[in-house]
Structure formats: structure tokens, C-alpha cells
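So the chains spell out like this:
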Amino acid sequence: MVMKSDIIGDVLDRYPETAECFMAIGMHCLGCPSARGESIEQACMVHGADCDALVAKLNEVIG
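Here goes a summary of the coordinates provided. Keep in mind that this is a model prediction, so the values were computed, not measured.

Glancing now at the overall build of the protein. Secondary structure assignment for the protein yields five helices and zero strands. For 63 residues, the compact-globule estimate of 2.2 N^0.38 gives 11 Å, and the protein sits close to it at 10 Å. For the protein, the C-alpha atoms occupy an extent of roughly 25 × 20 × 20 Å along the three principal directions. Contacts in the protein between residues at least 24 apart in sequence constitute 59% of all its contacts with a sequence separation of at least 6.

To continue, consider the pattern of salt bridges. Counted by the stated rule, this structure contains three salt bridges. The partner of Asp-13 in a salt bridge is Arg-36, with the nearest N and O atoms 2.8 Å apart. On the criterion of sequence distance, the pair formed by Asp-13 in helix H1 (residues 8-14) and Arg-36 in helix H3 (residues 33-37) is long-range, its members being 23 residues apart. Taking relative accessible area as the criterion, Asp-13 reaches 54% and is therefore assigned exposed. When the shortest N-O distance is used, the salt bridge between Lys-57 and Glu-60 registers 3.5 Å. Highlighted residues: Lys-57 and Glu-60, both in helix H5 (residues 51-62), separated by three residues, approximately one helical turn.

Before going further, it helps to spend a moment on the nonpolar core. In terms of nonpolar packing, the biggest core is built from 16 residues, with Ile-8, Phe-22, Met-27, Ile-40, Leu-54 and Leu-58 touching the most fellow members. Residue assignment for this core shows that the elements contributing at least two residues are H1, helix H2 (19-24), helix H4 (40-47) and H5. For this core, the element with the highest residue contribution is H5, accounting for four residues. Here Met-27 is in contact with Ile-8, Phe-22, Ala-43, Cys-44, His-47 and Leu-54, once residues within four sequence places are set aside.

Conventions used here
Residues numbered from 1 in each chain as written. Predicted model: local features only at pLDDT ≥ 70, side-chain atom pairs only at ≥ 80, totals over all residues. Heavy atoms only, no water. Helix = DSSP H or I, 4+ residues; strand = E, 2+ residues; numbered from the N terminus. Rg over C-alpha atoms; globule rule 2.2 N^0.38 Å. Contact = heavy atoms within 4.5 Å. Salt bridge = Lys/Arg side-chain N within 4 Å of Asp/Glu carboxyl O. Buried < 20%, exposed > 50% of the residue type's maximum accessible area, 1.4 Å probe, protein only. Core = buried A, V, L, I, M, F, W, Y, C linked by side-chain atoms within 4.5 Å.

Structural data, given as C-alpha cells:
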């Protein structure tokens, strides 16, 4: 289960299939140092995205 406090890089390492979810909300730089070290919640604030909706989608994708 993914939580909004999870680090994006860790999520991508465990669940590479989630990359499309991040890219769909404008997070196109998934390999940059910021994405590797910031939480889902932090990234959503920067990108103006709904964190709860993204976490729900991520958990749907990973089943």
C-alpha cells in the first residue's frame, strides 16, 4: 500500500508500473534528484495535484 508520506523514488523502485500515474499529473522528471527524494505529498503540493486522488490511483494500479 502506498501512502502520501512515501518517497516517490521508493514507490517507483517497488512499483515501476506507477510511473504513468505520476506522469499523468505532470510529474515528468521522475529520475531527477527531487523526485527521488521527495514524498508524494510534497510533489503534489509543488505540482498542484490532488494528493489523495493520486494515492488512490497508485494503490489501484498496484492492486
